[in-house]
Amino acid sequence: SSSDNNLDKDDILAAKINDYQLTKNEFIEQFTQEMQYHHEYKATAHAKKKFLGILIKNELLIQEAKKQGLDKKKDFMFAIERYWKATLVKHLMEIKHKEILKDVMVSDKEIKARYTILKSNNTSTPPLDKIEKEIADELLGEKRTKALEQWEKVLYEKAKITINTDFINQ
């Protein structure tokens, strides 16, 4: 967001809304992101114009909210902080999940062992070749969950945590 007048020398202005300058690069970045979330957007002139209209309307509303001092209110700041923390944690978990995905595998031996247990508990269990993928996915899910729990446990063990039990028990 370049609300100052220092435009990138390679960038051009897409729109100016009062003192706010929206560069072409910022517009393209936001439009591309929007296209990933809403697949009905195609990069046509009409879609770009419609999206620019949405950005302008949002910027006008943001400017008005700031003018009224809403961005300084305690409940707003609290909501932003909560959103920021939740987004940060979500992002960390996605990264960790991808890391774990690369390291976690399920062997044929594990699949067959799980199938044997299923078959012994329920004689009407379908043949292995019919449910092999389901079993593999289930085992993979269990291993991922265990790996995440192990990682969280290590975080706890490394951390220095002090709890005021008097406060909790009041």
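What you are looking at is a predicted structure, and each value in this text was computed from that prediction instead of being measured.

A. The overall build of the protein chain, seen in detail. Helix and strand counts for the protein chain come out as six helices and two strands. The order of α-helices and β-strands along the protein chain, N terminus first, is β-β-α-α-α-α-α-α. What you see for the protein chain is a C-alpha radius of gyration of 26 Å, clearly larger than the 15 Å of a compact globule of 170 residues, by over 25%. Along the three orthogonal principal directions, the C-alpha set of the protein chain runs to about 70 × 55 × 30 Å. The long-range share in the protein chain, meaning contacts at least 24 apart out of those at least 6 apart in sequence, stands at 43%. Total accessible area on the protein chain is roughly 14300 Å²; 57% of this is exposed by carbon and sulfur atoms. Positive and negative side-chain charges of the protein chain, numbering 31 and 29 respectively, have mean locations separated by a distance of 1 Å.

B. The arrangement of the packing of aromatic side chains in detail. Applying the stated criterion across every chain, the model contains three aromatic pairs. Judged by centre distance (5.7 Å) and plane angle (10°), the rings of F27 and F31 are stacked. Of this pair, F27 and F31 both sit in helix α1 (residues 24-37), four residues apart, which is roughly one turn of the helix. In terms of burial, F27 and F31 fall into one category: buried. With a centroid separation of 5.8 Å and an interplanar angle of 55°, the aromatic rings of F27 and F51 are classed as tilted. In this pair, F27 is assigned in helix α1 and F51 in helix α2 (residues 45-67), connecting sequence segments 24 residues apart. Taken individually, F27 and F51 each receive the classification buried, so the pair is uniform in this respect. Every member of this aromatic cluster is reached through a ring pair, and the members are F27, F31 and F51.

Definitions and cut-offs
- Per-chain numbering applies: the sequence of each chain, read as written, is numbered from 1 onward.
- Where local features are concerned, this predicted model is filtered to residues with pLDDT of at least 70; where side-chain atom pairs are given and counted, the filter is 80 or more; whole-chain, interface and lining totals use all residues.
- The basis for the side-chain values is all heavy atoms of the structure; hydrogens and waters are excluded.
- Numbering of helices and strands starts at the N terminus; helices are DSSP runs of H or I of at least 4 residues and strands are runs of E of at least 2.
- C-alpha atoms define the radius of gyration in this analysis, and the globule rule sets the expected value at 2.2 Å times the number of residues to the power 0.38.
- Contacts between residues were defined by any pair of non-hydrogen atoms, one from each residue, lying within 4.5 Å.
- Residue burial considers only the protein chains on display, and all accessible areas are found by Shrake-Rupley using a 1.4 Å probe.
- Only four residue types enter the charge count: Lys and Arg as positive, Asp and Glu as negative, with His and the chain ends excluded.
- A charged residue contributes its charge at one atom only: NZ of Lys, CZ of Arg, CG of Asp or CD of Glu.
- Here the aromatic set is Phe, Tyr and Trp, taking the six-membered ring for Trp, and pairing holds for ring centres within 6.5 Å; pairs whose planes are under 30 degrees apart are stacked, those over 60 apart are edge-to-face, and all others are tilted.
- A 1.4 Å probe rolled over the protein chains alone gives each residue an accessible area, and that area as a share of the maximum for its type sets the label: buried under 20%, exposed over 50%, partly exposed in between.

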